[in-house]
Amino acid sequence: SSNLRKTYTERAAVHPNPCARTFLELMERKRSNLSVAVDVTSKTELLEIAGKVGPYICLLKTHIDIVNDFDQDLVDQLKALSKKHDFMIFEDRKFADIGNTVKLQYGFGIYRIASWADITNCHSVPGEGIISGLKEIGLPLNRGLLLLAEMSSAGSLATGAYTAATVAMARRHQDFVIGFIAMRRMDAEDEGGDFIVMTPGVSLDVAGDGLGQQYRTPREVVVESGGDVVIVGRGIYGKGKNVEEQAKRYRDAGWEAYLERVRR
Ligand code: S5P
């Protein structure tokens, strides 16, 4: 796709979706295409890591339902950090139910995800109603949605016709769907549009985690496969790691790869 050669700024300038535009502008301003997946179970630890990686990331990815001591103050503090350090927040909720149910899960309950998460994601397995349901809650709040078109884990069933149908669904909802979780670029040049591809399963040091996760390097993801955002979790805050050092290392690797791609 021609979007491969375009800078984030060039793409932002013509992007019709406000959430995508804001995010693309943020990436260029911050010189970061790094998203950190902070998969920890305590509020203190989550806030500590968010504060340390804040200066280096464009997007903080959460799994809010794994936090033992979740409360509204956690959300308030995350929002404050996102303002202070200029990053957006992505709740990796992976909704997967009928439209009416996901609407309730997104807008209500303890977490009230739509009230604080700029971006969330969903599986396409239930069919298009899942997007319509989430959209009813998210669109009035200027939120953005990512569809899981592929997964990084071994044996994933999201391949072939499933992936293609997911991309087709996204094309019909470009007012709300801003991109994909995928392992490679998804949009074909002749079809127009611009979807932001966010790719998890990224490590500079290891190949897997023993539970099916499969890792590639930022260069493989961004230059060879055309991913826009690298999502890194344990590579940054895993045991014995200096969080700031690793965040800077992955930010640099991701940004170098982006520069190499647009200069090619
Ligand atoms: O296919 C996927 C999709 C996602 S969103 N594979 C993934 O690993 N993820 C998420 O990315 C996963 O839920 C986790 O939060 C993060 C990867 O973490 P890491 O520690 O393996 O880098």
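Just so it is clear, the model here is predicted, and its values are computed rather than measured. (Residues numbered from 1 in each chain as written. Predicted model: local features only at pLDDT ≥ 70, side-chain atom pairs only at ≥ 80, totals over all residues. Heavy atoms only, no water.)

Engineer: Hey, could you run me through the side chain of S82 in this one?
Structural biologist: Tracing the backbone shows S82 in helix α4 (residues 72-85). One polar contact links the side chain of S82 to the main-chain carbonyl oxygen of K79, over a distance of 2.9 Å. Leaving out residues up to four positions away in the same chain, S82 has contacts with F87 and I89. (Helix = DSSP H or I, 4+ residues; strand = E, 2+ residues; numbered from the N terminus. Polar contact = N/O pair within 3.5 Å; in protein donor to acceptor, adjacent residues only side chain to side chain. Contact = heavy atoms within 4.5 Å.)

Engineer: Got a minute to help me understand the sheet that holds strand β7 (residues 196-199) in this structure?
Structural biologist: Reading around the circumference, β1-β2-β3-β4-β5-β6-β7-β8 is the order of the eight strands in this closed barrel, with parallel pairing throughout. Put simply, the sheet's adjacent strands are angled 25° from each other on average, direction ignored. For strand β3 (residues 88-95) and strand β4 (residues 119-122), the ladder comprises three bridges, and the chain directions are parallel. Paired with F90 across the two strands is I119, which belongs to β4. (Pairing = 2+ DSSP bridges. Axes fitted to C-alpha atoms, helices over the stretch in contact; angles between N-to-C directions.)

Engineer: Just to check I follow, could you spell out the pairing of strand β8 (residues 229-232) for this structure?
Structural biologist: On any regular strand, side chains alternate: one points to one face of the sheet, the next to the other face. Neither face of β8 is left uncovered, since the one carrying V229 and I231 and the one carrying V230 and V232 both have all their residues buried. Alignment of strand β1 (residues 34-37) against β8, held across three bridges, turns out to be parallel. The residue of β8 that forms the bridge with S35 is I231. Note that the unit made of β7, helix α8 (residues 218-224) and β8 has a crossover that is right-handed. (Buried < 20%, exposed > 50% of the residue type's maximum accessible area, 1.4 Å probe, protein only. Right-handed = clockwise from strand over helix to strand, strands pointing away.)

Engineer: Help me understand the site of the ligand, please; the structure alone is not making it clear to me.
Structural biologist: D39, K61, S152, Y215 and R234 are the nearest of the 15 residues found near the ligand. In this structure, K61 approaches the ligand through a side-chain N or O atom, which is 2.7 Å from an oxygen atom. Between the ligand and R234, the relevant distance is 2.7 Å, taken from an oxygen atom to a side-chain nitrogen or oxygen of the residue. Relative to its unbound accessible surface of 490 Å², the ligand loses 91% to contact with the protein. (Near = heavy atom within 4 Å. Areas by Shrake-Rupley, 256 points an atom, 1.4 Å probe, with all protein chains shown as cover.)

Engineer: How should I be thinking about the pattern of salt bridges in this particular structure?
Structural biologist: Any two side chains of opposite charge can pair, on the condition that their charged atoms come close. In the structure shown here, the tally under the stated rule is 23 salt bridges. Here D73 ties to K43 by a salt bridge, and the two come within 2.9 Å at their closest N and O atoms. Of the two residues, D73 sits in helix α4 while K43 sits in helix α3 (residues 43-53), which places them 30 residues apart along the sequence. Here the salt bridges share partners, and the residues they tie into one network are R11, R185, D194, D228 and R261. (Salt bridge = Lys/Arg side-chain N within 4 Å of Asp/Glu carboxyl O.)

Engineer: When you look at the UniProt feature "binding site: substrate" (unreviewed entry) in the chain in this model, what are you seeing that I'm missing?
Structural biologist: UniProt's entry tags D39, K61, S152, Q213, G233 and R234 with the feature "binding site: substrate" (unreviewed entry), counted in the numbering of this structure. Note that K61 resides in strand β2 (residues 59-62). One can find Q213 in the loop between β7 and α8. Polar side-chain contacts of Q213 include one of 2.5 Å to the side chain of S152. (UniProt positions renumbered as here; feature names shortened; annotations may be inferred.)

Engineer: I keep staring at the side chain of N17 and nothing clicks. Help me out?
Structural biologist: Mapped onto the elements, N17 comes out in the loop between α1 (8-14) and α2 (18-30). Residue classification places N17 among the buried residues on the basis of a relative accessible area of 2%. Separated by 2.9 Å, the side chain of N17 and the backbone oxygen of D175 make a polar contact.

Engineer: So what exactly am I meant to see when it comes to the UniProt feature "active site" (unreviewed entry) in the chain here?
Structural biologist: As recorded in UniProt, the feature "active site" (unreviewed entry) lies at D92, K94 and D97. Within the secondary structure, D92 is located in strand β3. Among residues more than four places away in sequence, those in contact with D92 are K61, T62, H63 and N121. At a separation of 2.5 Å, a polar atom in the side chain of D92 contacts the side chain of K61. For K94, the location among the structural elements is in strand β3. Assessed through its relative accessible area of 25%, K94 is described here as partly exposed. Here K94 is in contact with H63, N121, C122, H123, L148 and M151, once residues within four sequence places are set aside. A polar contact of 2.9 Å, which involves the side chain of K94, links it to the side chain of D92.

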